[in-house]
4 protein chains.
Amino acid sequence: MAGNSFGSLFRVTTFGESHGPAVGVVIDGCPPRLPLVVEEIQRELDRRRPGQSAITTQRREPDQVEILSGMHEGLTTGTPLAMLVRNQDMRSGDYDEMKTKFRPSHADYTYKAKYGIRSWQGGGRASARETVGRVAAGAVARQLLATVGGGGGGAGASVGAGARPVDIVAWVERVADIEATVDPDTVTRDAVDANIVRCPEAATAERMIERIDAARKAGDSLGGVVAAVARGVPPGLGEPVFDKLEADLAKAMLSLPAAKGFEIGSGFAGTLLTGSQHNDPFYDAGGRVRTRSNRSGGVQGGISNGEHIFVRVAFKPTATILREQQTVDEDGHDTTIKARGRHDPCVLPRAIPIVEAMLALVLADHFLRQRGQCG
Amino acid sequence: MAGNSFGSLFRVTTFGESHGPAVGVVIDGCPPRLPLVVEEIQRELDRRRPGQSAITTQRREPDQVEILSGMHEGLTTGTPLAMLVRNQDMRSGDYDEMKTKFRPSHADYTYKAKYGIRSWQGGGRASARETVGRVAAGAVARQLLATVGGGGGGAGASVGAGARPVDIVAWVERVADIEATVDPDTVTRDAVDANIVRCPEAATAERMIERIDAARKAGDSLGGVVAAVARGVPPGLGEPVFDKLEADLAKAMLSLPAAKGFEIGSGFAGTLLTGSQHNDPFYDAGGRVRTRSNRSGGVQGGISNGEHIFVRVAFKPTATILREQQTVDEDGHDTTIKARGRHDPCVLPRAIPIVEAMLALVLADHFLRQRGQCG
Amino acid sequence: MAGNSFGSLFRVTTFGESHGPAVGVVIDGCPPRLPLVVEEIQRELDRRRPGQSAITTQRREPDQVEILSGMHEGLTTGTPLAMLVRNQDMRSGDYDEMKTKFRPSHADYTYKAKYGIRSWQGGGRASARETVGRVAAGAVARQLLATVGGGGGGAGASVGAGARPVDIVAWVERVADIEATVDPDTVTRDAVDANIVRCPEAATAERMIERIDAARKAGDSLGGVVAAVARGVPPGLGEPVFDKLEADLAKAMLSLPAAKGFEIGSGFAGTLLTGSQHNDPFYDAGGRVRTRSNRSGGVQGGISNGEHIFVRVAFKPTATILREQQTVDEDGHDTTIKARGRHDPCVLPRAIPIVEAMLALVLADHFLRQRGQCG
Amino acid sequence: MAGNSFGSLFRVTTFGESHGPAVGVVIDGCPPRLPLVVEEIQRELDRRRPGQSAITTQRREPDQVEILSGMHEGLTTGTPLAMLVRNQDMRSGDYDEMKTKFRPSHADYTYKAKYGIRSWQGGGRASARETVGRVAAGAVARQLLATVGGGGGGAGASVGAGARPVDIVAWVERVADIEATVDPDTVTRDAVDANIVRCPEAATAERMIERIDAARKAGDSLGGVVAAVARGVPPGLGEPVFDKLEADLAKAMLSLPAAKGFEIGSGFAGTLLTGSQHNDPFYDAGGRVRTRSNRSGGVQGGISNGEHIFVRVAFKPTATILREQQTVDEDGHDTTIKARGRHDPCVLPRAIPIVEAMLALVLADHFLRQRGQCG
């Protein structure tokens, strides 16, 4: 109940602080006999890794994953899959000032208020390093989902019987006010990874990179919006009341550091339409029920309808900036702080594999839940 | 795991269909010895009830609550608090067409895809009647929270010791493109309830009502945005990783019928600012740590900081409209449907007590969680 | 977390006090499209009902079940199945003395210590009336299990594919020192229900009845042992570490009022054997793996092996007796108490349907869990 | 839901196989600011370690614990406490025969039936090495409980306010038919650890050791009974319905490898008494409510009453023996097997720290649960 686990049947528990010995994750409930490619897990960790480019933090972490349990001769065994990543490039000296002062809009003060103690180096548990475990687990979930399919344009409609495996792509849609127009039906991961800001529209990506670089040089930071799509999701996933698919997705995304907003399908913009404009008409697509538009974002009444799941996540500008700011110290006295250390001037490029991981975790969990209750 | 429960320590389970005998809720984990005013529960149900005004559905339900267990001489006993509301004004005839056809953007098709069976009358479990249980439980949570306090302008800072009890107010901020400007620091529930659309800005409320009425006459529907604030929340509530306070709030709100988006604090608009613009500076407010702005929405790193919790929820236009729409039947063949029955042309006015209830449920749960782990 | 729910995927939540308006249960997670015979639920409630015979409490309760939700035209819908039973024959006057005094070895004192308040009439939540909800839910679980099979002598071995549906029988094995010898492979429910003490060995049953009647007349009470078998359970149910099948069974049984001990298979007596005597040899039973003996009780390493699940539960003598006993009052002062009211002189005959219900609930839950994770 | 976690608020998740790289545990929910003595964790692991004496398995494992997260300058931080122990002395060669044959009464067959795959070396997850994580977590729980108290002879009665901290002692009460008589009120851990069989009655311990040694030489194994007591437990712990304290204890104990039975208080023997003989009279012990006898085992109605919690656990003789036994191979054909490898001829001496750990985990969890709901 202390909130370090996520999911019901495909259940992950992360652990580890920024400046402790290691970060990691335990997955409990992974189906047995899944062929698991460790290189794919590592590839996702590489995409999340700091120090990838000029616009991310320069902390150098190889983030090499070690599988501690749950595999046997390349297959999952159904028992807990534990994965460990050692921390290496820690510079506690950068954080001396944070020992006694609270960074504005960071978690320093609230951890102290909650626990009466905090691992102040590097943000401790509030550090984005916690997401290492999420990404590793998400890479397993993704491999599980690749064995499932049936929605989004294929012919099949029942869980597990689909012609098209589930695939998931996220991208940077907007940085500050620089926005890309991307087609969720066709965007590919290769297009996303083609540049360091992970916006699949090349010209827009250039402008985003320049803007981030300018903010970095100014000791400031930027926010923006990540979009993500899951294609090939079979109809029937999601529990219709509290654990609606969109509810669990909203929770997943708002559990990410710096997330401030979430939309599914038409989101806030859809509220400007009338019902007759907004509704997605059903039609017979050669023996399969489909909708002509997808303002629902692939979910109706909390349950997937076989169309593409489409979500957006708002990320605020990074709280830790290299400028002097007003704050208080641990004794509650007014003071100022100017962060040192290595920080992302914009979290969005590195958020891409994390958003994808959370999307995969939610879908994998609901796939098992659906199979458990409904067979 | 079938998703009809919400919360960890203050845990509610709802049950009941639109056209079954009853709807209700069981609360497990309510602290003992809480003086419970049943009239306050009934008052919230009355605010949610259909048939309140010209702009809501005309279904007539008294929605009288019966306490089945968990109270003794006016106090909670710590054992399950079960509450029951009988359904009365059901007209199944209105739903005959829906027996074999799927309403667009409603849950008819997805329930069928998930379960292979559906209670087609009135939407069954997908009906907004399910929220009766949420509102009843939320009214209990609110009474619990009234015994807690310490944030938002008071002097105290520790859980349970505050000078100011937690209070919660939600209001209609926008209908279609008609938007009100409301101060979350001062808005009152009386101001909200002063008109039938529940927008505390009287002139704007008039325009909203006219617009909704026009949509109703046109057999169409409208969406919009609800805003909500919780004041007096002590610092320290929320679990810092997956169960961040904003994550659980996002889940709570996206679990509501017709919800498509969620924001906390600055939300999507905040992504247009730089970090130096966005960060909330801390200052010493006479011995208490406060922030000069509240773009964080009262939460930092997943944990409340004592400022006002502020959220927004996007609701799409009601899916059930009285116009002919393209759809398919249960055999997957193209057809058309034109709903009959009594439906809200805009869910927002009745969503107010429901949003407040979900906010109260999340806070009550996290209050108990904090007390459990941190004493 | 307040402990009124049981099970993970087939999850039941009970509510209600002895002298409140009603008792009941909500099942969340029941598979959809299960044909549900309400008469079978009622029949189990009738078996549990007070006032059945001269050796049970004379409280008169019809215990008529009302299905509030979760069914549609005779089938489960996959949504919460809520069931309600109204309390009728309450005589609070019998409990006046208990308002201020604690009955020895009853829950009066501990409820007060825990909650600071108690529904003192009839034991409140600690009353055996709470088990009404368990029995109703168990009757649903049993109908679900009747669609599952494959172990215990049939030819099939995989979940859901078995030739023999799961069936469950419990019986009174011992009352005080009067013990029956019953073959778990062949015992039938009819044989159990053939007499009022529910011991399938007729001559022994006579002696038990006489002994209970003598205790009743003496204002005293008796304990004993219930045995139970589940036949036809497919191999593979149970989670191998904390949620071993025997662990969940032990919890299920020890959660019953008056239970003090639990055994699976050889139990305590098996500790007197050596490993070579105790181990159950495997053999090829015409293409199916079976064991020649069943000291394991149908479970190895926490997982069912297809043999009969066999358990025993010890029930202490009823705490409420009609004799004067030493105790203290609510102020902690020494006093005496002599219970009035209508109580079972021996809980075992009425415990039979309750033990069967708990066994069914555990198996139904693990069946869904196995299907969820392993397909 | 795959059963590798235990507890609600003090929640542990174990991972790791016998012949994988490591075993370990994550504790989520440990209160912050608890001074944690790592040496005490190590000491408990040393008590559990193989190769301690002539009557335990000769596998040589240093079982050195590494704290991966959740501590800061000697105090817990409230974030997940992850602990890792590397496996070192693995001899897979000993298990070649087990690759294709099922050991009788072991988990080989059932794992295969459940998962369709198994880590056959050393029993994989079914190995007693899994309990390393339990013991490490239990040692943390014990340090938490040492800060709590109030029952069992002290003057205080409310949680956290007691004069006497909770202390827990387990011992070997019986090996085969050799039984010791030990006073649970006075037994000390030093007396238990005074000999290698961990029976505090020296003469009886001698006889047990001789018997175990004889079984070992004969390639056979023995079972027996472990007893355990928790003293100083405050009244009010335990949830009164499904999560009764004795129910969670029963589950905890039956989740241990080789456990076949559980008793609390008078257990099976108590069923031979009448109610008037069995009930524990209350009396005024100088302002504190106590009972003159303790047949309840410290729990009434599922809730602790401040008296000593007393339980017994039956362990069957070790399944893996060095004698030829009848079994089947993975193809289901009859064959024989004769185990090699290093196995405990009697699990009881090493079960002592494990039983204590489980007892501590249950109590720590219920302490937090009580604080969460009831303050």
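Figured I'd write up the structure that's included with this text. (Residues numbered from 1 in each chain as written. Chains lettered and ligands numbered in written order. Predicted model: local features only at pLDDT ≥ 70, side-chain atom pairs only at ≥ 80, totals over all residues. Heavy atoms only, no water.)

### Focus on the interface of chain B and chain C
With 44 residues of chain B at the contact, the number on the chain C side is 44 residues. Of the roughly 3,400 Å² buried between chain B and chain C, counting both surfaces, carbon and sulfur atoms make up 58%. The salt bridge involving C:Glu66 is made with B:Arg86; its shortest N-O contact spans 2.7 Å. At the surface where chain B touches chain C, the tally comes to 12 residue pairs in polar contact (both at pLDDT 80 or more). Among the elements of the structure, β2 (11–16), β3 (22–28), β4 (65–67), β6 (75–76), β7 (81–86) and α2 (108–115) of chain B are those that each provide at least two residues to the side of chain B that touches chain C. Element by element, the count of residues in the side of chain B that touches chain C is highest for β2(B), at five residues. Split into classes, the residues belonging to the side of chain B that touches chain C amount to 18 nonpolar, 18 polar and eight charged. (Contact = heavy atoms within 4.5 Å. Buried area = accessible area lost by both parts, 1.4 Å probe. Salt bridge = Lys/Arg side-chain N within 4 Å of Asp/Glu carboxyl O. Polar contact = N/O pair within 3.5 Å; in protein donor to acceptor, adjacent residues only side chain to side chain. Helix = DSSP H or I, 4+ residues; strand = E, 2+ residues; numbered from the N terminus. Nonpolar A, V, L, I, M, F, W, Y, C, P; charged D, E, K, R; others polar.)

### A look at α2(B)
Of all the eight residues making up α2(B), six are buried; the element is thus mostly covered by neighbouring parts of the structure. Looking at the buried residues of α2(B), the elements they touch are β12 (282–284), β13 (289–291), β14 (299–300), β15 (303–304) and α8 (348–374) of chain A. Positive backbone phi, approximately 75°, marks B:Gly116, located one or two places after α2(B). (Buried < 20%, exposed > 50% of the residue type's maximum accessible area, 1.4 Å probe, protein only.)

### A few points about helix α1 (residues 38–48) of chain A
Taken together, the buried positions of α1(A) are occupied by A:Ile41, A:Gln42, A:Glu44, A:Leu45, A:Arg47 and A:Arg48. Residues of α1(A) that are buried in the fold lie against β4 (65–67), β7 (81–86), α3 (131–145), α4 (189–192) and α8 of chain A.

### A closer look at the side chain of A:Asp213
Residue and element names in this part refer to chain A. For aspartate 213, the position within the fold is in helix α5 (residues 202–217). Overall, the relative accessible area of 19% leaves aspartate 213 in the buried class. A distance of 3.1 Å separates the side chain of aspartate 213 from the side chain of arginine 216, its partner in a polar contact.

### Notes on the relation of the copies chain B and chain C
Laying chain B over chain C is done by rotating through 180° and shifting 0.0 Å along the axis; what remains is an RMSD of 0.0 Å. Taken together, the turn and the small shift mark the pair as related by a two-fold rotation axis. Residue by residue, 100% of the interface of chain B is reproduced at the interface of chain C, so both copies engage with the same surface. (Least-squares fit on C-alpha atoms with pLDDT ≥ 70 in both.)

### Description of the packing of aromatic side chains
Counted under the stated rule, the structure contains 26 aromatic pairs over all chains. Plain terms: the ring middles of D:Phe102 and D:Tyr109 are 5.4 Å apart, the flat faces sit at 70° to each other, and that makes the pair edge-to-face. Residues D:Phe102 and D:Tyr109 agree in their burial class; the two are buried. Among the aromatic residues, those joined into a ring-pair cluster are A:Phe102, A:Tyr109 and B:Phe282. One Lys or Arg, A:Lys114, reaches over the ring of A:Tyr115 and ends 5.7 Å from the middle of that ring. Against the face of B:Tyr283 rests B:Arg292, its NZ or CZ located 4.0 Å from the ring centre. (Phe/Tyr/Trp six-rings, centres within 6.5 Å; stacked < 30°, edge-to-face > 60°. Lys NZ or Arg CZ within 6 Å of the ring centre and 35° of its normal.)

### Things to note about the sheet that holds strand β16 (residues 309–315) of chain B
If you trace the 10 strands from one edge of the open sheet to the other, you get β9(A)-β8(A)-β10(A)-β16(A)-β11(A)-β11(B)-β16(B)-β10(B)-β8(B)-β9(B), paired in antiparallel fashion. Edge strands, defined here as strands with exactly one partner in the open sheet, are β9 (178–179) of chain A together with β9 (178–179) of chain B. Where strand β11 (residues 259–264) of chain A meets strand β11 (residues 259–264) of chain B, three bridges bridge the pair, whose relative direction is antiparallel. Looking at the pairing, A:Glu263 lines up with B:Gly261 of β11(B). In this fold helix α6 (residues 245–254) of chain B packs onto β11 of chain A together with β11 and β16 of chain B, with an angle of close to 155° to the strand it touches most, β11(B). Relative to strand β8 (residues 167–175) of chain B, helix α8 (residues 348–374) of chain B is tilted by about 145°, and along the sheet it contacts β8, β10 (224–231) and β16 of chain B. (Pairing = 2+ DSSP bridges. Axes fitted to C-alpha atoms, helices over the stretch in contact; angles between N-to-C directions.)

### Here we look at the interface of chain B and chain A
Note on interface size: it is often stated as the accessible area lost on association of the parts. Facing 106 residues of chain B, the contacting portion of chain A comprises 106 residues. Buried surface at the junction of chain B and chain A, both sides included, amounts to about 8,100 Å², of which 61% is carbon and sulfur. Among the residues of chain B in contact with chain A, B:Lys114, B:Phe242 and B:Lys260 are the three that bury the most area, contributing 11% of the side total. For the pair chain B and chain A, the interface holds six salt bridges. Between A:Lys251 and B:Asp248 there is a salt bridge; the shortest N-O distance is 2.7 Å. The interface formed by chain B and chain A holds 43 residue pairs in polar contact (both at pLDDT 80 or more) in total. For the side of chain B that touches chain A, the per-class residue count stands at 44 nonpolar, 37 polar and 25 charged.

### Considerations on the packing of helix α3 (residues 131–145) of chain D against helix α8 (residues 348–374) of chain D
Geometrically, a packed helix pair is captured by the angle between its two axes and the distance between the axes. Residue and element names in this part refer to chain D. Interhelical geometry of α3 versus α8 gives an angle of 50° and a closest axis separation of 7 Å. Between α3 and α8, the angle falls in the class oblique. Between α3 and α8 lies a crossing whose hand is left-handed. Two secondary-structure elements touch here, α3 through Thr131, Arg134, Val135, Ala137, Gly138, Ala141, Arg142, Leu144 and Leu145 and α8 through Pro353, Ile354, Glu356, Ala357, Met358, Ala360, Leu361, Leu363 and Ala364. (Parallel < 35°, antiparallel > 145°, perpendicular 65-115°, else oblique. Left-handed = near helix turned anticlockwise from the far one by under 90°.)

### So, the relation of the copies chain B and chain A
Least-squares fitting of chain B to chain A yields an RMSD of 0.0 Å, with the superposition described by an axial translation of 0.0 Å and a rotation of 180°. A shared binding surface is used by both copies, with 100% of the interface residues of chain B retained as interface residues in chain A.

### Here's the deal with the side chain of C:Glu246
When you line up the elements, C:Glu246 lands in helix α6 (residues 245–254). In this structure, C:Glu246 is buried with no salt-bridge partner, the nearest side chain bearing the opposite charge being D:Lys260 at 5.8 Å. With residues up to four places along the chain from it excluded, the contact list for C:Glu246 reads C:Phe262, C:Ile264, C:Val299, C:Gly302 and D:Leu254. (Lys, Arg positive; Asp, Glu negative; His and termini not counted.)

### Comments concerning the state of the cysteines
Scanning the model with the defined rule gives zero disulfides over all chains in all. Left unpaired, A:Cys374 is separated from the closest cysteine sulfur, that of C:Cys30, by 10 Å. (Disulfide = S-S within 2.5 Å.)

### Notes on the nonpolar core
Side chains that are nonpolar tend, in soluble globular proteins, to be buried together. Judged by nonpolar contacts, the single largest core of 366 residues is most densely connected at A:Phe10, B:Phe10, C:Phe10 and D:Phe10. Those residues in contact with D:Phe10, other than ones at most four positions away along the chain, are D:Ile27, D:Asp28, D:Cys30, D:Pro31, D:Ala137, D:Val140, D:Ala141, D:Leu144, D:Leu361, D:Ala364, D:Asp365 and D:Leu368. (Core = buried A, V, L, I, M, F, W, Y, C linked by side-chain atoms within 4.5 Å.)

### Section: the pairing of strand β2 (residues 11–16) of chain D
Residue and element names in this part refer to chain D. Of all six residues that make up β2, six are buried, and the element is covered over most of its length. Every second residue of β2 is oriented toward a common face, with Arg11, Thr13 and Phe15 on one face and Val12, Thr14 and Gly16 on the other, all of them buried. Both strand β1 (residues 5–6) and β2 contribute to a ladder of two bridges, which runs antiparallel. Note that in β2 the partner of phenylalanine 6 across the bridge is valine 12. Connecting β1 to the next strand, β2, in antiparallel fashion are four residues, including glycine 7 with a positive phi near 95°. Of the pairings in the sheet, the one linking β2 to strand β3 (residues 22–28) comprises six bridges and is antiparallel in character.

Note that all results are geometric; they support no functional claim without further evidence.
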